[in-house]
Amino acid sequence: MRRTSFARWPCSVARTMDLLGDQWTLLVLREAYHGVRRFDRFQASLGIARNTLTERLDRLTGAGLLDRVRYQDRPARYEYPLTEMGRDFFPALAAIIRWGDTWLDGGAGPFTLLRHAECGRHTAAEVRCADCGGTLDADGVTFEPGPGMSTVEGPS
């Protein structure tokens, strides 16, 4: 069965899920944020099949979230450091972590704590208005067509 592609839909959620929305891709990124850069370390930390990891690393490098840098010639071995685009995704992952810690922890508390290097305190993601700084939530925003809406074909 062929997977439906959302890559051309006029929706940032659909396009992001097309790229990142499977069971392994966000976990590969999570490991990259933990400093993992080499194939064998990704595989060991995730317990992921080699072919699956290869596909996810190819997807993430092809999309520009990870870079592929040779560190050994014989045999050829590569590291996969985060790019600027990959580092820019971190706030979204931090928001997913916060949501999971709130709703899916089974009452045990957070699995991982985030410590803010600047102030030294534990923290969690908050999504705020870029203009006024107010908290964004489902009741406080409306969705309107943006300038990119007319440039792409597909379901809304």
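For the structure itself, look to the data block above.
Keep in mind it's a predicted model, so treat the numbers as computed, not measured. (Residues numbered from 1 in each chain as written. Predicted model: local features only at pLDDT ≥ 70, side-chain atom pairs only at ≥ 80, totals over all residues. Heavy atoms only, no water.)

Engineer: What am I meant to see in the packing of helix H2 (residues 25–33) against helix H3 (residues 39–46) here?
Structural biologist: When two helices pack together, their arrangement is given by the angle between the helix axes and the distance between those axes. At their nearest, the axes of H2 and H3 sit 10 Å apart, and the two run at 115° to each other. It follows from the interaxial angle that H2 and H3 lie roughly perpendicular. The chirality of how H2 crosses H3 is right-handed. Packed against H2, whose contacting residues are Leu27, Val28, Arg30, Glu31 and Ala32, the element H3 presents Phe42, Ser45 and Leu46 at the interface. Grouping the amino acids of the contact of H2 with H3 by side-chain chemistry returns five nonpolar, one polar and two charged. (Axes fitted to C-alpha atoms, helices over the stretch in contact; angles between N-to-C directions. Helix = DSSP H or I, 4+ residues; strand = E, 2+ residues; numbered from the N terminus. Parallel < 35°, antiparallel > 145°, perpendicular 65-115°, else oblique. Left-handed = near helix turned anticlockwise from the far one by under 90°. Contact = heavy atoms within 4.5 Å. Nonpolar A, V, L, I, M, F, W, Y, C, P; charged D, E, K, R; others polar.)

Engineer: It is not clear to me how the packing of aromatic side chains should be interpreted in this structure. Could you clarify?
Structural biologist: A complete count under the given rule lists one aromatic pair for this structure. Consider the rings of Tyr33 and Phe90, whose centres lie 5.1 Å apart with planes at 75°: the pair is edge-to-face. Here Tyr33 is found in helix H2, whereas its partner Phe90 is found in helix H6 (residues 90–103), with 57 residues between them in sequence. Under the relative-accessibility criterion, Tyr33 is labelled partly exposed at 22%. Stacked on the ring of Tyr71, the Lys or Arg Arg38 has its end atom at 3.6 Å from the ring centre. In this structure, Arg68 packs its charged tip against the face of Tyr78, placed 3.6 Å from the ring centre. (Phe/Tyr/Trp six-rings, centres within 6.5 Å; stacked < 30°, edge-to-face > 60°. Buried < 20%, exposed > 50% of the residue type's maximum accessible area, 1.4 Å probe, protein only. Lys NZ or Arg CZ within 6 Å of the ring centre and 35° of its normal.)

Engineer: So what exactly am I meant to see when it comes to a nonpolar patch on the surface here?
Structural biologist: The grouping of Val127, Leu136, Val141 and Phe143 at the surface amounts to a nonpolar patch, some 410 Å² of accessible area in total. Note that Val127 resides in the segment after strand E4 (122–123). For Val127, a relative accessible area of 48% gives the class partly exposed. (Patch = residues over 30% accessible without salt bridge, like charges linked within 9 Å, V, L, I, M, F, W, Y side chains within 5 Å. Areas by Shrake-Rupley, 256 points an atom, 1.4 Å probe, with all protein chains shown as cover. Salt bridge = Lys/Arg side-chain N within 4 Å of Asp/Glu carboxyl O.)

Engineer: I keep staring at the pattern of salt bridges and nothing clicks. Help me out?
Structural biologist: If the charged atoms of two oppositely charged side chains come close together, the side chains can form a pair. Taken as a whole and assessed by the stated rule, the structure comprises nine salt bridges. Glu79 is the partner of Arg38 in a salt bridge, and the nearest nitrogen-oxygen pair spans 2.9 Å. Here Arg38, found in the loop between H2 and H3, pairs with Glu79, found in strand E2 (residues 77–79); they are 41 residues apart in sequence, far enough to count as distant. The partner of Arg128 in a salt bridge is Glu126, and the shortest N-O contact between them spans 2.4 Å. A relative accessible area of 41% means that Arg128 is categorised as partly exposed. By relative accessible area, which is 48% here, Glu126 ends up partly exposed.

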